[in-house]
Amino acid sequence: MEPTVVCPKCKIERPLNHLLTAQSNQNVIFECENCNFIKRNIVTKKG
Ligand SMILES: [Zn+2]
């Protein structure tokens, strides 16, 4: 299954691949296209 992340602000659930921007090895940025919430260094769930 594809890993997903839930936006802490608007609670929408989206696929990780669609929202995350990989910055370096473990640095990822979550950008919610629904509410424009941005969170850095989120913990990703590995499926
Ligand atoms: Zn959101």
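Right, let's walk through the structure included here.

This next bit is on the environment of Thr4. Within the secondary structure, Thr4 sits in strand E1 (residues 4–6). With 15 C-beta atoms counted inside 10 Å, the residue Thr4 sits in the partly exposed group. Each C-alpha atom of the pair Thr4 and Pro15 lies 4.3 Å from the other, and the pair is 11 residues apart in sequence.

Positive phi is not limited to glycine here, since Lys11 has a value of about 70 degrees. Note that Lys11 resides in the loop between E1 and strand E2 (13–15). A count of 10 C-beta atoms within 10 Å places Lys11 in the exposed class. At Asn36, a residue that is not glycine, the phi angle is positive and equals roughly 65 degrees. Inspection of the secondary structure puts Asn36 in the loop between strand E4 (28–31) and strand E5 (38–40).

Rules used in this analysis
Residues numbered from 1 in each chain as written. Predicted model: local features only at pLDDT ≥ 70, side-chain atom pairs only at ≥ 80, totals over all residues. Helix = DSSP H or I, 4+ residues; strand = E, 2+ residues; numbered from the N terminus. Buried ≥ 20, exposed ≤ 12 C-beta atoms within 10 Å, placed from the backbone.

No statement about biological role is implied by the geometric values presented.
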